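# Chains, contacts and geometry: an overview
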Amino acid sequence: MIADFLQFEFLRNTLYTGLLIGLIAPLLGCFIVVRRLSLIADALSHVTLAGIAFGLLLEKKLATPVISPFYAGLGFSVLASLLIEKLRNMFRNFQEIAIPIILSGGVGLSVIFISLANGFTTDLFSYLFGSVSAVSSEDLRVIVIISIIVLLVIGFLYKQLLVLSFDEEHARVSGLHSKAIHFIFMLLIALVIAASIRIVGVLLVSALMTIPVAAAIRLAKGFKQAMILAIVFGETSVIVGLFSGYYFEIPPGGTIVVVSILILLLSFIVQKLLLANKRKTAFEKGVS
Amino acid sequence: MTSILQIDTINFSYEQKAALREVSLQVKKGDFLGLIGPNGGGKTTLIKLALGMLQPNNGSIRLFGHTVSSFKDWDKVSFVSQKANAFNKGFPATVFEVVAMGLTPKIGYFRRFSAKHRTAVKQAVAQVDMSDYLHENISSLSGGQQQRVFIARALVSQPELIILDEPTVGIDHANVKGFYELLQRLNEEKGLTLVMITHDLAGIAQYASKLVYLDQQIKYEGSPEQFSLPETDLHVLRGIHA
């Protein structure tokens, strides 16, 4: 089975893409989770679906392709990230309201575009739940570029993002450009979602950004440790999920998410064992 | 003595509601100023104005001789906010990581965290007697220990002025005393200028070099030993400590 992934180009593309999103989605997810913005990833992924449906509609209606569904999804996702910020500023006292507005708007637009096209075939299904055979060489190139951008930006802004995530007021008083950093952060989320949809699917992409992080923060003492663990869990979920999806002929989005949930459950058990061990050591120290 | 913070006849209102009226205040180098007053008396508002987070309706505020709007040397000023110990308790951050955050503005965007910075973090943690907890998760510490970590974060950039907004809230009595002693040591030995908002009149009066009572206007400014208020304000003050 592993040989297949190395032998066939389309499977190689899928494997490389999987390895890249297994790295960048949990990496960015660490900041998303600690900033309590997990639902923003969900809202953006639903808008990405609208963009993809729009792209598919154009493909179906027009003889010559104007914009591929992938780029349309990317464009919608970036625009929605800007719109969420606008709405959060407009509703300062109810900032979370931006999320259902954008999420339902995305689903609404998707329904309209799908209806206008009189439904879609397997293409839409693969965008919804991911596919092991959907990644073209062109997709892979774009995903490599997105991954480089994400890694570079997080590399440069790591310290600032950490301060902003931990204590927003301290960040503002320290003279950090909080608004600009947050804006860049939102754009990164939009890019990572667009990069992940081919494999995980729009409906499950936020899971890859949050579940490995949820498992990591149960076990980590510090933020860097949490990032490393989240990436290890993300990569494990993607690799096991991709191979099992291919073997059982199931969309990989489902298997990747199930594997990541299994890792999360395992993290609960490991955490309990670690705590019990710590208590035992403390008790023994007390006795002696 | 050099003036660190100079506030001249400022007024401030939230929409139509006046929060500060004709407030003037000077903080000199080496002062340990205790800012007390009733809830809604404008203490936090005054600090936010001093830090440039709000703009006064009129009057002027100068930090280290510069107007706040043009002030650039923010590494000279540290702030420990009321919300500092209300951080997300599930946040996976070690004491080292939290204290290192205090260096972020100084390091900037393109410089890396170096061995020199690592040493500065360890020194700041040692100053607040928390070296044994350097690699512990901040959430696993007590309220008093967490507040010491936030002081270390404020100290790490070697500021000249630290502003603290009710830092003793939620800390037990024994730890509050230790906390005041730590501030006094930093003030006397390191020459740090401190401005501390508090409701703890009895505590701050023992350690501060200067006391200001603010209830929209400054009702008292002077030494803690000579602190006195008109009868009407004393009623308000007794209400705080009832």
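Residue positions are counted from 1 within each chain, in the order its sequence is given. By the order in which they are written, chains take letters starting at A while ligands take numbers starting at 1. Totals for whole chains, interfaces and linings use every residue, but because this is a predicted model, local features are given only for residues with pLDDT of at least 70 and side-chain atom pairs only at 80 or more, for both listing and counting.

- Where an unreviewed UniProt entry is consulted, chain B appears under the name Zinc ABC transporter ATP-binding protein, with the organism given as Terribacillus saccharophilus.
- UniProt positions are given in the numbering used here, feature names are shortened, and annotations may be inferred rather than shown by experiment. UniProt annotates chain B under Sequence similarities (unreviewed entry) with the comment "Belongs to the ABC transporter superfamily."

- An unreviewed UniProt entry lists chain A under the name Metal ABC transporter permease, from Terribacillus saccharophilus.
- Per UniProt, chain A carries the Sequence similarities (unreviewed entry) text "Belongs to the ABC-3 integral membrane protein family."

## Let's talk about the overall build of chain B
- Counting its regular elements, chain B contains eight helices and ten strands.
- Note on method: radius of gyration uses C-alpha positions; expected globular size equals 2.2 Å times residues raised to 0.38. For 242 residues, the compact-globule estimate of 2.2 N^0.38 gives 18 Å, and chain B sits close to it at 18 Å.
- C-alpha extents for chain B along the principal axes are approximately 55 × 40 × 35 Å.
- Burial is judged by counting the other C-beta atoms within 10 Å of a residue's own C-beta: 20 or more makes it buried, 12 or fewer makes it exposed, and any count in between marks it as partly exposed, with every C-beta position built from the backbone. Classification of the 242 residues of chain B by burial places 42% in the buried group.
- Considering only intrachain contacts with a sequence separation of at least 6, the fraction spanning at least 24 residues in chain B is 69%. Helix and strand labels come from DSSP, where a helix needs a run of H or I of at least four residues and a strand needs a run of E of at least two; each type is numbered from the N terminus. We call two residues in contact if the C-beta atoms placed from their backbones are at most 7 Å apart.

## Some thoughts on the nonpolar core
- Any nonpolar core is a set of buried residues, restricted to Ala, Val, Leu, Ile, Met, Phe, Trp, Tyr and Cys, that join up through C-beta atoms within 7 Å. If you look at the biggest cluster of nonpolar residues, it comprises 162 residues, and the most contacted ones within it are Leu28, Ile189 and Val192 of chain A together with Val99 and Ala152 of chain B.
- If sequence neighbours within four positions are ignored, valine 99 of chain B has contacts with Val121, Ala124, Val125, Val149, Ala152, Arg153 and Val156 of chain B.

## Some words on the sheet that holds strand β3 (residues 32–36) of chain B
Residues and elements named next belong to chain B.
- With mixed pairing, six strands are arranged side by side in an open sheet as β6-β7-β8-β3-β9-β10. A strand with exactly one partner marks an edge of an open sheet, and here the two such strands are β6 (77–80) and β10 (217–222). Taken pair by pair, the neighbouring strands of this sheet meet at an average axis angle of 15 degrees, ignoring direction.
- In the sheet, β6 pairs with strand β7 (residues 161–165) via four bridges, with the strands oriented parallel. Counterpart to valine 80 in the pairing with β7 is leucine 164. Two strands form a pair only when DSSP identifies at least two bridges running between them. Every axis corresponds to a line fitted to the C-alpha atoms, with the helix fit spanning only the stretch in contact, and the corresponding angles, defined between N-to-C directions, vary from 0 to 180 degrees.

## Considering the sheet that holds strand β4 (residues 58–63) of chain B
Residue and element names in this part refer to chain B.
- The antiparallel open sheet is built from four strands, whose spatial order is β2-β1-β4-β5. The open sheet is flanked by β2 (17–28) and β5 (66–67), the only strands paired with a single partner.
- Sheet analysis places strand β1 (residues 3–14) next to β4, joined by five bridges and oriented antiparallel. Each bridged residue has a counterpart across the sheet, and for leucine 5 the counterpart in β4 is leucine 63.
- Across the sheet, helix α1 (residues 43–50) is in contact with β1, β2 and β4; its angle to β1 comes to roughly 120 degrees.

## Description of the packing of helix α3 (residues 38–61) of chain A against helix α4 (residues 69–90) of chain A
Residue and element names in this part refer to chain A.
- As a packed pair, α3 and α4 sit with axes 7 Å apart at the nearest point and diverge in direction by 140 degrees. In terms of orientation, α3 and α4 fall into the oblique class. Seen from above, α3 lies across α4 with right-handed handedness. Contacts between α3 and α4 involve Ile40, Ala43, Leu44, Val47, Thr48, Ala50, Gly51, Ile52, Phe54, Gly55, Leu56 and Glu59 from the first element and Pro69, Tyr71, Ala72, Gly73, Gly75, Phe76, Ser77, Ala80, Ser81 and Ile84 from the second. These descriptions rest on fixed angle ranges, namely under 35 degrees for roughly parallel, over 145 for roughly antiparallel, 65 to 115 for roughly perpendicular, and the rest for oblique. By the definition used in this description, the sense in which the near helix is turned from the far one sets the handedness, with an anticlockwise turn below a right angle giving left-handed and a clockwise turn giving right-handed.

## Some details on the interface of chain A and chain B
- The partner chain B presents 23 residues to the 21 residues of chain A that form the contact.
- Secondary structure elements with two or more residues in the side of chain A that touches chain B: α7 (137–166), α8 (168–173) and α11 (223–248) of chain A.
- In terms of residues, the side of chain A that touches chain B owes the most to one element, α7 of chain A, which gives six residues.
- All residues other than Ala, Val, Leu, Ile, Met, Phe, Trp, Tyr, Cys, Pro, Asp, Glu, Lys and Arg, Gly among them, are scored as polar; the first ten of these are nonpolar and the last four charged. Residues that form the side of chain A that touches chain B fall into these classes: eleven nonpolar, five polar and five charged.

## Regarding helix α6 (residues 173–189) of chain B
Residues and elements named next belong to chain B.
- With 17 residues, α6 extends 24 Å between its outermost C-alpha atoms, agreeing within 8% with the 24 Å of an ideal straight helix rising 1.5 Å per residue.
- Turning to α6, its buried residues are Phe179, Tyr180, Leu183 and Leu186. Angularly, the buried residues of α6 cover 125 degrees about the axis, an arc narrow enough to put them on a single face. More than 90 degrees from the buried face of α6, the exposed residues found are Ala174, Gly178, Glu181 and Glu189.
- Where α6 is buried, its residues touch α5 (143–155), β8 (193–197) and α7 (201–207).
- Immediately beyond the C-terminal end of α6, within one or two residues, lies glycine 191, with a positive phi of roughly 70 degrees. Expected helix span is computed as 1.5 Å times (number of residues minus one). This arc describes the spread of directions from the helix axis toward the C-beta atoms.

## Let's talk about helix α2 (residues 9–34) of chain A
- A rise of 1.5 Å per residue sets the reference length of α2 of chain A, with its 26 residues, at 38 Å; its end C-alpha atoms lie 38 Å apart and thus fit the reference within 8%.
- With 20 of its 26 residues buried, α2 of chain A lies for the most part within the structure.

## Section: the pairing of β8 of chain B
Residues and elements named next belong to chain B.
- With five of its five residues buried, β8 lies for the most part within the structure.
- Side-chain alternation along β8 places Thr193, Val195 and Ile197 on one buried face and Leu194 and Met196 on a second face that is also buried.
- Alignment of β3 against β8, held across four bridges, turns out to be parallel. Of the residues in β8, the one forming a bridge with leucine 33 is valine 195.

## Some points on the pairing of strand β9 (residues 210–215) of chain B
All names here are of chain B.
- By the criterion of burial, β9 is predominantly enclosed, with five of the six residues buried.
- Bridging between β3 and β9 involves four bridges; their strand directions are parallel. Paired with leucine 33 across the two strands is lysine 210, which belongs to β9.
- Note: β9 against β10, five bridges, orientation antiparallel. Residue pairing for β10: leucine 214 is matched across the bridge by isoleucine 218.
- With antiparallel pairing between neighbouring strands as the criterion, β9 and β10 make up a hairpin whose turn holds one residue, including glutamine 216 at a positive phi of roughly 70 degrees.

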